[in-house]
Every structure is written in structure tokens, then in C-alpha cells.
Amino acid sequence: MKLHELFVALGEDSFRSQLRGISFGTLRTYQIYDRVKTRCHLAKLNTESLRTNSGRLWERLKTGEDELALELSQAILVSQLKLIIDVLDYFKIPHEDGFFAKETDPKQFLPEGWQQQAYDHFKDKYTPALVDFYLNHLAFEMDSNTPIFKPAS
């Protein structure tokens, strides 16, 4: 599976929800603001430009633009480090402020059914679409052949 396929599998409503959660200050802090702006083909990157261009970005993802998917997923995830840290702490996965050390293999810390367990635990604290996106992204990072996780309600 490719990263753009994750966005498409989760659907357009989830995608639009993820875009609303992007923090532009955080993008500047992690020095990815200009990369995201360039990859999105936007003259200015802000909430309004993302909202008005979300349909065009969605169409680009559907056509398989994985570089766009990579930049957008990074923007979404660095904007949601609190969720990431909470999930990693929940499973006692060693990290440095939400980022794995190079030798860390998170698989060894994850029990059978970990995605549903984490979804059930965090869906009321964070936007369910965000939790779903992160859990799928984490699984994708460990193994790009992992099937899409669809939470049981």
C-alpha cells in the first residue's frame, strides 16, 4: 500500500478533518511549512487556502500523488504530537517527544488487536478520524502491506 491509498481508504471527510487540524506554527517550528506549501501548489498556506483547495488536493491524492500524501501526513502528524505521545505512552513505546529513536521497533510493544484497543481508548479524547488516521499511519510505517484498519464502533 502507498501512503496516498491510506488517505483515499479513510475517505474525503476524514481527509478534510485532518486538514482542519494542521497547525501552521508547528509546521514552521519543524521547518516543513514551505515544503508543504510548495507540494500543495499554494501561494499562501493557511486554514482558508487549505479549506478552499481541499477538493483539488483530494483529487491529486486519488490520482496517486504519494509525495503530496507524504507532506500532508507529516503536516498532520506534527500538528497532533499530543495524540502521538499519548498513544506511544499508552503502549509504553520508547520515544523522544513523539519521535522514535532509530533503533526502536514499535512492533514489539503492540499487543494483538492494538489498533482497536487504542481507538477505543482515545476516540473520546481526540477526534475519531484523527485517531483512526494515526493508528493506520503507525501501522503503515511498521509495514506498508498492513491492511487498512477500520474501527468497530
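As the structure is a prediction and not an experimental result, all values here were calculated from the model.

Conventions we followed
Residues numbered from 1 in each chain as written. Predicted model: local features only at pLDDT ≥ 70, side-chain atom pairs only at ≥ 80, totals over all residues. Heavy atoms only, no water. 1 Å grid on protein atoms, 1.4 Å probe; cavity = no way out; pocket = protein on both sides within 12 Å on 5 of 7 lines; lining within 4 Å. Points joined across faces, edges and corners; volume = space filled by probe spheres on them. Nonpolar A, V, L, I, M, F, W, Y, C, P; charged D, E, K, R; others polar. Axes fitted to C-alpha atoms, helices over the stretch in contact; angles between N-to-C directions. Helix = DSSP H or I, 4+ residues; strand = E, 2+ residues; numbered from the N terminus. Parallel < 35°, antiparallel > 145°, perpendicular 65-115°, else oblique. Left-handed = near helix turned anticlockwise from the far one by under 90°. Contact = heavy atoms within 4.5 Å.

**Considering the layout of surface pockets**
Next, step 1: Approximately 490 Å³ is the volume attributed to the largest pocket.
Next, step 2: If you trace the largest pocket, you find 19 residues lining it, with Leu77, Gly98, Phe99, His137 and Glu141 closest to the centre.
Next, step 3: The class makeup of the residues in the lining of the largest pocket is 14 nonpolar, four polar and one charged.

**Brief notes about the packing of helix H1 (residues 3–10) against helix H9 (residues 128–142)**
Next, step 1: Where H1 meets H9, the closest approach of the two axes is 11 Å, and the angle between their N-to-C directions is 150°. In terms of orientation, H1 and H9 fall into the roughly antiparallel class. You can see that H1 and H9 cross each other, and the crossing is right-handed. Within the contact between the two elements, H1 uses Leu3, Leu6, Phe7 and Leu10 and H9 uses Asp132, Phe133, Asn136, His137 and Phe140.
Next, step 2: Of the residues assigned to the contact of H1 with H9, the class counts are six nonpolar, two polar and one charged.

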